[in-house]
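# Reading the structure
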Amino acid sequence: MILVWLILIPFLGGLLCWQAERWGEQAPRWIALATMLFVLVISVVLWLGGDFSLPGSYESQWLLEWRVPWIPRFGIEIHLAMDGLSLILVALTGFLGTLAVLCSWHEIAHRVGFFHLNLLFILGGVVGVFLALDLFLFFLFWEMMLVPMYFLIALWGHSGSPGQTRIRAATRFFIYTQASGLLMLVAILALVFVHYSNTGELSFSYDVLRGTDVPEPLAFWLMLGFFIAFAVKLPVVPFHGWLPDAHAQAPTAGSVDLAGILLKTAAYGMIRFALPLFPEQSAAFAPVAMTLGLVGIIYGAVLACGQQDIKRLIAYTSISHMGFVLIALYSGSELAIQGAIILMVAHAFSSAGLFILSGQLYERIHTRDMRTMGGLWSRIPVLPGFTLCFVAASLGMPATANFVGEFMVLFGTFPSAPVVVVIASVGLVLAAIYSLLLMQRVHYGPEYRPGPLKGPDAREYGMMLTLLVLTIAVGLYPQPLLDTTAAVAAPVAELFTDASDLAARAGEVN
Amino acid sequence: MNGIPMEHGLILASILFSLGLAGLMLRRSMLFVLMSLEVMLNSAALAFVVGATAWSQPDGQAMFLLVITLAAAEASVGLALMIQLYQRYRSLDLDAASRMRG
Amino acid sequence: MMVTPVVLSFLFPLMGTLVLAFSSGRLGARGSSVIGVGSVGLAALATLWAVLSHTGDREIITLWTWISVGDFQPTIGLGVDGLALVMMAVITGVGFLIHLFAAWYMTGEAGITRFYAWMNLFVFSMMLLVLGDNLLLLFLGWEGVGLCSYGLIGYYYQGLDNARAAFKAFVVTRIGDVFLALGLFLVFMELGTLDIATVLTRAPEFWAEGSATANLAALLVLGGALGKSAQVPLHTWLPDAMAGPTPVSALIHAATMVTAGIYLIARLNGLFLLAPDVMLLVGVIGAISLLLAAFAALAQTDIKRVLAYSTMSQIGYMFLALGVGAFDAAIFHLVTHAFFKALLFLSAGAVIISCHHEQDMRKLGGLWRKLPVAYGGFIVGGAALVALPLVSAGFFSKDEILWQAMAADRNGLLIAGLLGAVLTGIYTVRLVLGTFHGEPGSDHARHPEPGTNLITHHLPLVVLAVLSTFIGAWLYPGLGGLFPDAPGEAVEGGHTLLQVLAIGAVVAGLALAGWLFLMRRPWLDDVASKGAGASLWKLWHHAWGFDALFDRVLVRPWQWSVRMLRFDFINLIMNLPALIARGFNAGLVRSQNGRTRSYAVVMVFGATVILLALALVPGGVA
């Protein structure tokens, strides 16, 4: 039941925020903050009390499970379940949701109640995605994230760079994700019908569908359907067009959520659905996926270097970082998959930090164009130091979580695909280039305009410090995270070895 | 009705129809367009009557009554539109009213 | 956590960093200096304690397991042995003196808190680098020092050139770091561990000597060492790094960080011994670097750039020593070099501050009477740099290197070393004469303000000067027991011949320099200002044009591709469906012209087509 509440609390909180606007501007903010803190506290309590050791063969792999029929006629259930991975991601959602509320405290001045309604609806949808096990329910939540995000960008976005309106960015975001979502729906339905024709049972349940024996050419196409749906959201390179625009136009809270959590739903979807549902096809597809990951790493990095808008730069670095995640997921190595999970968390922290920082800069100098920055080090106290810390995290400096994630990915992938790792390592140099370019353009050099600007207040300082402490804590002692997700990562890694075993055996038989 | 073969009646109807159609496509003035429409309706009605006479069936006569009613309704709507057109554009030129252009 | 002197020795600088970073300027310049210098002083004391309580065996202090997934179990663990302790002593000892001097040098600079925070963080990272008992922790320190180097080179952030120099230093060394990282991946895949001791025992069991894998692993690690230690071809960042404050150059770009590559190769000696070809490459790169840098040092006008190239050259000697398998000699030279190069840099710093930030030799001169302490520092440090026989520390370590090269029968390397010694003599004399003798070249040099503070100015210089003499060489304990036997152990005789040769090279260099700069000065200026002499001067001044080459081959194509890709062509391709849809839209919109008559025409046409089709298709209407 607690799982249902995890999903319902943000939605209820959102409605409350909406209505609370009549009590004054501050009311929705405080309600939203309390709501997200509540979600965070619940997930942390669950985490502290949970047992995440590998389950025995007859035990349930789920820490918590909740299951009632919804539309029995089509075999659709409300089936929620939580394991280590979803727990960490839900906790991350709660944490970044809190930050998102905090960082828009002064930024959002009109329609405050409706803003927080949308924000909390996004987060509720995300929590739903992380908990839903029924494929229909998963799709429902997957789509549910989109609409409030659309409004967030379209209504509260920045006017942005010339030729790019926020409406256009929002529409583009919507079309991309909607189209990919429909592709997933088609794949889900096809899977369900194949299962129906095999067994005569109509079911959307994850456990039931996992064992479906799909005929060969169709299985590949279905896998591709799932892959593309998640690839758009991750984003993988040819499908990344929505990301920079959406980030550049979205309000800070939107960017934080987008980079911090929404991108992670894609990686989560791959780990939870795309790989386990189609292990053999995914194993066969791995070289392509890894190549796409490499392209993403390099291409994202090169483009990041060419941006003048600070938020676009950070957006492209996300593409680069998610390339590492994609490589890891298809490497079939437990070390790499664990690394990918750490990297997801690390990227959430570092990119949220950078986006919040650029939001704070925007509040002070009212521009995101790096050509009109420069020399800010002497004008703003404290913030440049924080920027350097998050830039260092983003370039994978050891002792930050990003380093642990990236290096686990690379260590894990090296035995199976050394060439991929060698090329991906080029990304490490490029990461240094784009990260330091950001630093150099914004904070170094002569002052573009004179005059001191005010330093961070307690709220801003607190957010930055919390993020930084978490980044370094995970960088130096990631073991609690690793222990929590070990039971998830190991079976996913084994899928590939099993698949290759099967293929090898098939080869012997032939 | 002897003497006039059915073909003649039908040929007359199609000539009338063609004339009406040509008027519809070529005329700019809404008045003439409406008149062309009337001609076309009546040509169709004529074809019904000819058919009904040839096969001695009452259905054609009934259709004729229906067409007349329709023509009357159409004329009233068309004339109302024509008045509106004239009031808006101070002319009866149909091409002037092209605000639905995409 | 066990509180041992070793742990304390790096915790103090870390605490210093944290206090400084979170003070937000509340401490004031004086408070920041006290904390910044004090923390390193305490670290030095803790190191001294650790040295005194060291039993001689390798001691492992595991703080906690960093990551544990399957076989991948790197720890946050410290390995304390003679090598680590020598490095720690250099880092904290020389580091403390440099911090102390910085308190004088940085007086009145803005952002002194930031300066000390970075410096302390640097000491901390460098300590982790030498203490890490597994390669991943070593890599943590390795990257950490790089970041600190970045922050400190760009300390004067308002100059865009400084920012570029910092950027260049970080990116170039990062290229090396990626090679090191790949080496780590390879080592872990093949040997299943990152623990240094285990790697060294497993490597000979798993790999045959000279096998491809061993060569590859050594080569990748070497790549990392080249970047950090500024050896050809990844050396171009070092001269530009002189944009940082002089104490930074002394600590990071002379005494400690740039020698991290030497430490790494010495630490992984077993790995390199399995790859004789790579060992030879190490020596050859060292020889090339030492000669290239020595020639470049001849033609610099900036004091700090002369010293930068001389650092590169001296590190070349250390690589040469590593290349012939004389690990102990390399570390020995690392230690003496840390003493005398720190002394030279600090003396140069004293000159620079006294002359109001003037560091062009052409504008200095005639200072020896007015700045006696700095002059003394230059003379003693210079003597050690040219390896003045018997009295200087540099003589003993350099002699050891050349002797090992001779004993290993690498005559090419030996000749390069001797030639380098001659060149060292020439550029050192030129540096001293240009800075302290002759006519002052500017008002700044005519009216210097000598440093007078006994503790923060005189003390570090004097202590380092003492260490740069034979006393410094005596202090070096010798680490022969930690390393495989150097080639010199097995050879008898010949050492005297080598010493004669080495002393001859030094004397030749000094004499040639004296003759050129004192007797034939006008002729020299004449040669250097026209024709082939001028081109040679220009070539050396730009250090053989490596910067221009990399600019052409790497930087420009990179910038070009960034410019080309800026508009995200893949995204533009993905926009094609949208464009096609828009094209259709434009076409169909045209038919929607708002004219009733044309709609009628289209309708009639359509109706006709349908009727014709129905009439003509057989069996359609019938």
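As the structure is a computational prediction, the values presented were derived from the model and not from experiment.

### Regarding the overall build of chain B
From N to C terminus, chain B includes three helices and zero strands. From first element to last, N terminus to C terminus, chain B shows the α and β order α-α-α. On C-alpha atoms alone, chain B measures out to a radius of gyration of 17 Å, which is more than a quarter above the 13 Å that the 2.2 N^0.38 rule sets for 102 residues. Here the C-alpha coordinates of chain B stretch approximately 50 × 25 × 25 Å along the principal axes. For chain B, with 102 residues in total, the buried portion stands at 25%. In chain B, the share of contacts with a sequence separation of at least 24, taken over all contacts with a separation of at least 6, comes to 59%. Carbon and sulfur atoms make up 70% of the accessible area of chain B, which totals about 6,800 Å². Chain B carries 6 positive and 6 negative side-chain charges, and their two centres are separated by 21 Å.

### What to know about unusual backbone geometry
With omega at -5 degrees, the peptide bond leading from Leu-234 of chain A into Pro-235 of chain A counts as cis. Structurally, Pro-235 of chain A can be placed in the loop between α9 (216-233) and α10 (242-249). Residues Val-232 of chain C and Pro-233 of chain C are joined by a peptide bond in cis, for which omega reads 5 degrees. Positionally, Pro-233 of chain C belongs in the loop between α8 (212-228) and α9 (237-240).

### Some remarks on the confidence of the model for chain C
Chain-level pLDDT for chain C is 89 on average; 99% of the residues reach the 70-or-more range. Confidence metrics for the complex model read pTM 0.89 and ipTM 0.91.

### Observations regarding the interface of chain C and chain B
Contacts between the two partners involve ten residues from chain C and, on the opposite side, 13 residues from chain B. Inspection of the region where chain C meets chain B yields two residue pairs in polar contact (both at pLDDT 80 or more). A per-element tally of the side of chain C that touches chain B places helix α29 (residues 596-616) of chain C first, with five residues.

### With respect to the interface of chain C and chain A
Contact residues are listed per partner, giving 50 residues for chain C and 59 residues for chain A. Summed over both partners, the interface of chain C with chain A buries about 4,900 Å², with 74% contributed by carbon and sulfur atoms. Among the residues chain C hides against chain A, the three largest losses belong to Tyr-157, Phe-185 and Trp-558 of chain C. Together they make up 14% of the total. Only β1 (59-65), α4 (112-131), α5 (135-153), α6 (160-191), α26 (546-565) and α27 (569-574) of chain C provide two or more residues apiece to the side of chain C that touches chain A. The biggest single contributor to the side of chain C that touches chain A is α6 of chain C, with 16 residues. Here the residues of the side of chain C that touches chain A sort into 35 nonpolar, nine polar and six charged.

### Some remarks on the nonpolar core
Membership of the largest hydrophobic core comes to 433 residues, with the highest contact counts inside it found for Phe-226 and Tyr-330 of chain A together with Phe-272 and Ile-331 of chain C. No fewer than three residues from each of domain 1 (288-519) and domain 2 (532-566) of chain C sit in this core. When sequence neighbours within four positions are dropped, the list of residues in contact with Ile-331 of chain C reads Leu-83, Val-86, Ile-262, Ala-266, Tyr-476, Leu-479 and Phe-483 of chain C. Counting residues in hydrophobic clusters, the runner-up holds eleven residues, among them Leu-21, Leu-24, Val-33 and Leu-34 of chain B.

### Some words on the pattern of salt bridges
Between side chains of opposite charge, a pair can form when the charged atoms approach closely. Residue and element names in this part refer to chain C. Per the counting criterion, the structure on display carries 25 salt bridges over all chains. Ionic pairing is found between Arg-521 and Asp-525, a salt bridge with its closest N-O pair at 3.6 Å. Taken together, the residues span about one helical turn, with Arg-521 and Asp-525 both in helix α24 (residues 521-529) at a distance of four residues. By relative accessible area, Asp-525 is classed as partly exposed at 40%. A salt bridge links Asp-526 to Lys-530; its shortest N-O distance comes to 3.0 Å.

### Observations regarding the side chain of Lys-233 of chain A
Inspection of the secondary structure puts Lys-233 of chain A in helix α9. Look past the residues within four positions of Lys-233 of chain A in its chain and what remains in contact with it is Trp-142, Met-145, Leu-146, Thr-177, Trp-242, Leu-262, Leu-263, Thr-265 and Ala-266 of chain A.

### So, the arrangement of the chains
No other pair among the two pairs of chains in contact exceeds the contact count of chains A and C. Considering only C-alpha positions, the minimal separation of the non-contacting chain A and chain B is 22 Å.

### Points about the packing of helix α12 (residues 279-305) of chain A against helix α13 (residues 310-329) of chain A
All names here are of chain A. Running from N to C, α12 and α13 cross one another at 160 degrees; their axes reach a closest spacing of 7 Å. Taken together, the axes of α12 and α13 lie roughly antiparallel to each other. As for the relative orientation of α12 and α13, their crossing is left-handed in sense. Contact with α12, carried on its side by Ala-289, Met-290, Leu-292, Gly-293, Leu-294, Gly-296, Ile-297, Gly-300, Ala-301, Leu-303 and Ala-304, involves Leu-313, Tyr-316, Thr-317, Ile-319, Ser-320, Gly-323, Phe-324, Leu-326 and Ile-327 of α13 and no other residues of that element. Considering only residue class, the contact of α12 with α13 consists of 14 nonpolar, six polar and no charged.

### With respect to the environment of Leu-437 of chain A
Assignment of secondary structure puts Leu-437 of chain A in helix α17 (residues 418-443). Residues Leu-437 of chain A and Val-391 of chain A, 46 residues apart in the sequence, show an inter-C-alpha distance of 9.8 Å. In this structure Leu-437 of chain A touches Cys-305 of chain A together with Phe-167 of chain C, once residues within four positions along its chain are discounted.

### Quick notes on the packing of helix α16 (residues 401-413) of chain A against helix α18 (residues 458-476) of chain A
Residues and elements named next belong to chain A. At a minimum axis separation of 6 Å, α16 and α18 run at an interaxial angle of 40 degrees. Here α16 lies oblique to α18, going by the angle between them. Contacts between α16 and α18 pair Ala-401, Asn-402 and Val-404 from the former with Thr-471, Val-474 and Gly-475 from the latter. Here the contact of α16 with α18 is composed, by residue class, of three nonpolar, three polar and no charged.

### Brief notes about a nonpolar patch on the surface
Residue and element names in this part refer to chain C. On the surface, a cluster of nonpolar side chains totalling about 850 Å² of accessible area is made up of Phe-567, Phe-569, Leu-572, Ile-573, Leu-576, Leu-579, Ile-580 and Phe-584. Only α27 and α28 (576-591) provide two or more residues apiece to the nonpolar patch. Take the nonpolar patch: its biggest share by element is four residues, from α28. Mapped onto the elements, Ile-580 comes out in helix α28.

### Side note on the environment of Tyr-309 of chain C
Residues and elements named next belong to chain C. Mapped onto the secondary structure, Tyr-309 falls in helix α14 (residues 303-323). Sequence separation between Tyr-309 and Ser-392 is 83 residues; the distance between their C-alpha atoms is 21 Å. Once residues within four sequence positions are removed from consideration, Tyr-309 is found in contact with Pro-239, Ala-293, Ala-296, Ala-297, Gln-300 and Ala-543.

### Observations regarding the packing of aromatic side chains
Throughout the structure, instances matching the rule amount to 60 aromatic pairs over all chains. Seen from their ring centres, Phe-138 of chain A and Phe-273 of chain A are 4.4 Å apart, and the 50 degrees between their planes marks the pair as tilted. With a gap of 135 residues between them, Phe-138 of chain A in helix α5 (residues 135-144) and Phe-273 of chain A in helix α11 (residues 252-277) connect regions that are remote in the sequence. Judged by relative accessible area, Phe-138 of chain A falls into the buried class, the value being 1%. The buried category is assigned to Phe-273 of chain A, whose relative accessible area is 0%. Ring geometry for Tyr-150 of chain A and Phe-151 of chain A: centres 5.7 Å apart, planes at 70 degrees, overall edge-to-face. Overall, Phe-151 of chain A belongs to the partly exposed group, its relative accessible area being 32%. Clustering of aromatic rings is evident, with ring pairs tying together Phe-403, Phe-407, Phe-411 and Phe-414 of chain A together with Trp-66, Phe-72, Phe-139, Phe-185 and Phe-188 of chain C. Taking the ring centre of Trp-156 of chain A as reference, the NZ or CZ of Arg-111 of chain A above it sits at 5.9 Å.

Quick notes on the rules
Residues numbered from 1 in each chain as written. Chains lettered and ligands numbered in written order. Predicted model: local features only at pLDDT ≥ 70, side-chain atom pairs only at ≥ 80, totals over all residues. Heavy atoms only, no water. Helix = DSSP H or I, 4+ residues; strand = E, 2+ residues; numbered from the N terminus. Rg over C-alpha atoms; globule rule 2.2 N^0.38 Å. Buried < 20%, exposed > 50% of the residue type's maximum accessible area, 1.4 Å probe, protein only. Contact = heavy atoms within 4.5 Å. Areas by Shrake-Rupley, 256 points an atom, 1.4 Å probe, with all protein chains shown as cover. Lys, Arg positive; Asp, Glu negative; His and termini not counted. Charge placed at Lys NZ, Arg CZ, Asp CG, Glu CD. pLDDT = per-residue confidence, 0-100. Polar contact = N/O pair within 3.5 Å; in protein donor to acceptor, adjacent residues only side chain to side chain. Buried area = accessible area lost by both parts, 1.4 Å probe. Nonpolar A, V, L, I, M, F, W, Y, C, P; charged D, E, K, R; others polar. Core = buried A, V, L, I, M, F, W, Y, C linked by side-chain atoms within 4.5 Å. Domains from an automatic or database assignment. Salt bridge = Lys/Arg side-chain N within 4 Å of Asp/Glu carboxyl O. Axes fitted to C-alpha atoms, helices over the stretch in contact; angles between N-to-C directions. Parallel < 35°, antiparallel > 145°, perpendicular 65-115°, else oblique. Left-handed = near helix turned anticlockwise from the far one by under 90°. Patch = residues over 30% accessible without salt bridge, like charges linked within 9 Å, V, L, I, M, F, W, Y side chains within 5 Å. Phe/Tyr/Trp six-rings, centres within 6.5 Å; stacked < 30°, edge-to-face > 60°. Lys NZ or Arg CZ within 6 Å of the ring centre and 35° of its normal.

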